[in-house]
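Architecture at a glance
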Amino acid sequence: MRYWIEAGQVTGRGASEKGVPMRVQVRVNGVEHEDEVEPRVLLVHYLREVVGLTGTNVGCDTSSCGACTVLLDGESVKSCTLLAAQADGHEVTTIEGLASPDGTLHPMQAAFREHHGLQCGYCTPGMVMAAVSLLAEHPSPTEAEVREGLEGNLCRCTGYHNIVKAVLAAAEAAPAPVGR
Amino acid sequence: MIPAAFEYRRVHTVEDAVAQLGELGDDAKLLAGGHSLLPLMRLRLATPAVVVDIGRVEGLSYVRDEGDQVAIGALTRHRDVEISPVLREMVPLLAHAASQVGDPQVRHRGTIGGSLAHGDPASDLPAVVLALGGTLVAQGPGGRREIPAGEFFTGFLETALEPGEVLVEVRVPASPGGWSFQKFNRRAQDWAIVGVAAVRRNGSSGVALVNMGSTPVRARATEEALASGASVADAAALAAEGLDPPADLNASPEFRAHLARVLVRRALEEAGG
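Quantities reported herein were computed from a predicted structural model and do not represent experimental measurements. (Residues numbered from 1 in each chain as written. Chains lettered and ligands numbered in written order. Predicted model: local features only at pLDDT ≥ 70, side-chain atom pairs only at ≥ 80, totals over all residues. Heavy atoms only, no water.)

Bringing the overall build of chain A into the picture now. Scanning chain A from N- to C-terminus turns up five helices and six strands. Written out in order from the N terminus, the α and β elements of chain A read β-β-β-α-β-β-β-α-α-α-α. Classification of the 180 residues of chain A by burial places 53% in the buried group. Within chain A, contacts between residues separated by at least 24 positions form 58% of all contacts whose residues are at least 6 apart in sequence. (Helix = DSSP H or I, 4+ residues; strand = E, 2+ residues; numbered from the N terminus. Buried < 20%, exposed > 50% of the residue type's maximum accessible area, 1.4 Å probe, protein only. Contact = heavy atoms within 4.5 Å.)

This next bit is on the sheet that holds strand β5 (residues 75–78) of chain A. All names here are of chain A. With mixed pairing, the six strands of this open sheet are ordered in space as β1-β3-β2-β6-β4-β5. Of all the strands in the sheet, the pair left with one neighbour each is β1 (2–3) and β5. As paired strands, strand β2 (residues 22–28) and strand β6 (residues 91–93) are joined by two bridges and run parallel to one another. Note on β6: the bridge partner recorded for R27 is E91. Along the sheet face, helix α1 (residues 43–51) touches β1, β2, β3 (31–37), β4 (69–72) and β6 and points at about 100° away from the line of β3. Relative to the sheet, helix α3 (residues 124–137) contacts β4, β5 and β6, its axis offset from that of β4 by approximately 40°. (Pairing = 2+ DSSP bridges. Axes fitted to C-alpha atoms, helices over the stretch in contact; angles between N-to-C directions.)

This next bit is on the interface of chain A and chain B. Taken together, the contact between chain A and chain B spans 45 residues of the former and 32 residues of the latter. Approximately 3,100 Å² of surface area, both sides summed, lies buried where chain A meets chain B, with 51% of it carried by carbon and sulfur atoms. Where chain A packs against chain B, one counts six salt bridges. We note a salt bridge from D103 of chain B to K78 of chain A, for which the minimum N-O separation is 2.5 Å. One can count 20 residue pairs in polar contact (both at pLDDT 80 or more) joining chain A with chain B. Secondary-structure elements contributing two or more residues to the side of chain A that touches chain B are β4, β5 and α3 of chain A. Broken down by element, the side of chain A that touches chain B gets its largest block of residues, four residues, from β5 of chain A. Grouping the constituent residues of the side of chain A that touches chain B by class yields 15 nonpolar, 19 polar and eleven charged. (Buried area = accessible area lost by both parts, 1.4 Å probe. Salt bridge = Lys/Arg side-chain N within 4 Å of Asp/Glu carboxyl O. Polar contact = N/O pair within 3.5 Å; in protein donor to acceptor, adjacent residues only side chain to side chain. Nonpolar A, V, L, I, M, F, W, Y, C, P; charged D, E, K, R; others polar.)

Residues and elements named next belong to chain A. Closest axis-to-axis distance for the α3/helix α5 (residues 160–172) pair is 11 Å, and the angle between their directions is 40°. Comparing the axis directions of α3 and α5 gives the class oblique. Taken as a pair, α3 and α5 cross one another with a handedness that is right-handed. On α5, the residues that touch M127, A131, L134 and L135 of α3 are Y160, I163, V167, A170 and A171. Looking at side-chain class alone, the contact of α3 with α5 contains nine nonpolar, no polar and no charged residues. (Parallel < 35°, antiparallel > 145°, perpendicular 65-115°, else oblique. Left-handed = near helix turned anticlockwise from the far one by under 90°.)

Residue and element names in this part refer to chain B. Burial analysis of strand β12 (residues 194–201) places seven of its eight residues in the buried class, which makes it a mostly covered element. Of the pairings in the sheet, the one linking strand β11 (residues 178–184) to β12 comprises seven bridges and is antiparallel in character. Within β12, the residue paired with G178 across the bridge is R200.

What follows deals with the pattern of salt bridges. Taken as a whole, this structure holds 27 salt bridges over all chains when the rule is applied. Between R265 of chain B and E269 of chain B there is a salt bridge, with the nearest N and O atoms lying 3.7 Å from each other. One end of the pair is R265 of chain B and the other is E269 of chain B, both in helix α11 (residues 253–271) and four residues apart, which spans about a single turn. What emerges from the salt-bridge pattern is a single network uniting E137 and E151 of chain A together with R79, E82 and R107 of chain B.

Once that is clear, we can look at the sheet that holds strand β2 (residues 28–31) of chain B. All names here are of chain B. Taking strand neighbours across the sheet as the criterion, the three strands line up as β1-β3-β2 in an open arrangement whose pairing is parallel. Taken across any chain shown, the strands that pair with only one partner, and hence form the sheet edges, are β1 (7–10) and β2. When the angles between neighbouring strand axes are averaged without regard to direction, this sheet yields 25°. Of the strand pairs in this sheet, β1 and strand β3 (residues 50–53) are connected by four bridges, and their pairing is parallel. Across the sheet, the residue bridging to E7 is V50, located in β3.

Residue and element names in this part refer to chain B. Burial of strand β5 (residues 69–73) is extensive: four of the five residues sit out of reach of the surface. With three bridges connecting them, strand β4 (residues 63–65) and β5 associate as antiparallel partners. Counterpart to V63 in the pairing with β5 is I72.

Our next topic: the side chain of D53 of chain B. Following the sequence through the fold, D53 of chain B ends up in strand β3. At 2.4 Å, the side chain of D53 of chain B and the side chain of Y8 of chain B are in polar contact. With sequence-adjacent residues up to four places away left out, D53 of chain B is seen in contact with Q86 of chain A together with Y8, R9, R10, V11, L31 and A32 of chain B.

Below, the discussion takes up the domain arrangement of chain A. A common way to state how big an interface is: give the accessible area lost once the parts meet. Residue and element names in this part refer to chain A. Once the domains are mapped, chain A shows domain 1 (2–97) and domain 2 (107–172). Domain 1 and domain 2 are separated by 24 Å when their C-alpha centres are compared. Counting residues at the interface gives 18 residues for domain 1, matched by 13 residues for domain 2. Joining domain 1 to domain 2, the criterion identifies zero salt bridges. (Domains from an automatic or database assignment.)

This part is about the confidence of the model for chain B. Across chain B, the average pLDDT comes to 96, with 100% of residues at or above 70. In the model output, the complex is listed with pTM 0.94 alongside ipTM 0.93. (pLDDT = per-residue confidence, 0-100.)

Printed below as a string of structure tokens:
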């Protein structure tokens, strides 16, 4: 697919200019994608608009809230602070890529459901992806380590308590490694 | 928010990056991890015509034990600095400070070279490299040169790097003695409102401050007082001497000066003699 930023999506200086498109090849949730995008297309927009996976949310748009967290080669990153071009040749895992093909939830998703680790749900995809990356680095974290490890993700419902419970429960249940 | 349109060029060697900078001059910005540059571009505070992506340059991500110092490749990510066994043992201040940068997602992408070359007085690592008395290695069309950290930060977001130069390595002296990193902020992932990096070894002290001026700065008055035998309390009382801290939503200059005095005292107490 070819993808340009449309007038109206962008305001301010340089709004009407268009970049020369470039070819990117990204493996998303195990599926190879090859597309032509403008260099300024951010990974989150690539995932949502081009690949069509809208589970990854845009929250603050300033690299703060973590709603757009995905895994790049197995590590959590904020997809609003990465060009699609930087993911060229790499592997991305989004929230849609966690569950098994038969619909069985990833242990982290199951733990979030079991422990009601969400309120409005907007931060949830990013929280889950950040938590998966956290356990990949710290398989048995303390409660304090979970809270610190999720410092890059904000829940504006302030529903942190059950999120932390869910992550600790998932750690107990021995998480399945993802994305490597 | 989407950046203004730009041309994207990817280079695979430092020589190519230097050549691109020579050709493009001020129209180009280097992109490493992108965690300083991309936020500025999205806010249209930076609108480079060309982005030269050095993120895939080979051989610039390493931590090397060189005996009395450690050499760190400019593309080494904060995460890799944080968990490096060499740095944890030889320069624990730097490994710990790297673990306090941003949040895990930021540390998975941001690089030590990018953070230093950005020259933000509110960033953690510039002050750490200043306190350690580190050296920065730049490569330009004429080859490599070394720049002492004390001469590197020349103004707000300005460094001693020439327009055609690429920062390729950071060297810090082995500093296994007493150290402390203090970071005062209101939200976990925020920049420090004021921060302090301190090392003490064999009676000499390095103390540098985050967000206490238009550049990362040393607390010179404190360092000089310690050198002439002042107590920790007396030296810390001089932490803001001669400095002109900024005012913003988080703090007035007066509050920053107060924080500097308190945090420097804590840092020196934690670092010990």
